[in-house]
Amino acid sequence: LGYLDNYSITNEENDFNSYAEKLFMNNSEIFKKADKYENVRKKLNLLKIMYIERGFQGRFPGSP
């Protein structure tokens, strides 16, 4: 299911918030889990797409 932590499990909004926090805080945990787990990788990619579609410009932390 791709949950990052116990907080993520509580509801979809908290799951989203956990991903966003870890992405933008450049938390290496999310990138390690994305490499290891397909569901985490898919959710992370969907999060990035959502931000881009809403006007995010620039590089995401952890991106080459």
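Look up a bit, the structure's there.
Computed from a predicted model, the values in this text were never measured in an experiment.

Caption draft 1: Just the nonpolar core, in detail. In this structure, Leu 4, Tyr 19, Ala 20, Leu 23, Ile 30, Phe 31, Ala 34, Val 40, Leu 44, Leu 47, Met 50 and Phe 60 together form the largest nonpolar core, which totals 12 residues. The element that contributes the greatest number of residues to this core is helix α4 (residues 38-53), accounting for 4 residues. Sequence-distant contacts of Leu 47, defined by excluding residues within four places in its chain, comprise Phe 16, Tyr 19, Ala 20 and Leu 23.

Caption draft 2: Broad picture of the layout of surface pockets. Considering only enclosed or pocket space, the largest pocket measures out at about 170 Å³ in volume. For the largest pocket, the full set of lining residues is Glu 12, Asp 15, Phe 16, Tyr 19, Lys 43, Leu 46, Leu 47 and Met 50. For the lining of the largest pocket, the secondary structure elements donating two or more residues are α2 (12-24) and α4. A breakdown of the residues in the lining of the largest pocket according to their chemical character gives 5 nonpolar, no polar and 3 charged.

Caption draft 3: Representation of the pattern of salt bridges. Per the counting criterion, the structure on display carries 4 salt bridges. The salt bridge involving Lys 22 is made with Asp 5; its shortest N-O contact spans 2.9 Å. Note that Lys 22 is positioned in helix α2 and Asp 5 in the segment before α1 (6-9), a separation of 17 residues in sequence. Overall, Asp 5 belongs to the partly exposed group, its relative accessible area being 24%. A salt bridge links Glu 29 to Lys 33, with the shortest nitrogen-to-oxygen separation between them at 3.0 Å. Of the two residues, Glu 29 and Lys 33 are both situated in helix α3 (residues 28-36); the distance of 4 residues between them amounts to about one turn of the helix.

Caption draft 4: Quick peek at the packing of aromatic side chains. Inspection of the entire model under this criterion finds 6 aromatic pairs. Between Phe 16 and Tyr 51, the ring centres sit 6.4 Å apart and the planes meet at 25 degrees, which makes this aromatic pair stacked. Here Phe 16 is found in helix α2, whereas its partner Tyr 51 is found in helix α4, with 35 residues between them in sequence. A relative accessible area of 23% places Tyr 51 in the partly exposed class.

Criteria and thresholds
- Residues numbered from 1 in each chain as written.
- Predicted model: local features only at pLDDT ≥ 70, side-chain atom pairs only at ≥ 80, totals over all residues.
- Heavy atoms only, no water.
- Core = buried A, V, L, I, M, F, W, Y, C linked by side-chain atoms within 4.5 Å.
- Buried < 20%, exposed > 50% of the residue type's maximum accessible area, 1.4 Å probe, protein only.
- Helix = DSSP H or I, 4+ residues; strand = E, 2+ residues; numbered from the N terminus.
- Contact = heavy atoms within 4.5 Å.
- 1 Å grid on protein atoms, 1.4 Å probe; cavity = no way out; pocket = protein on both sides within 12 Å on 5 of 7 lines; lining within 4 Å.
- Points joined across faces, edges and corners; volume = space filled by probe spheres on them.
- Nonpolar A, V, L, I, M, F, W, Y, C, P; charged D, E, K, R; others polar.
- Salt bridge = Lys/Arg side-chain N within 4 Å of Asp/Glu carboxyl O.
- Phe/Tyr/Trp six-rings, centres within 6.5 Å; stacked < 30°, edge-to-face > 60°.

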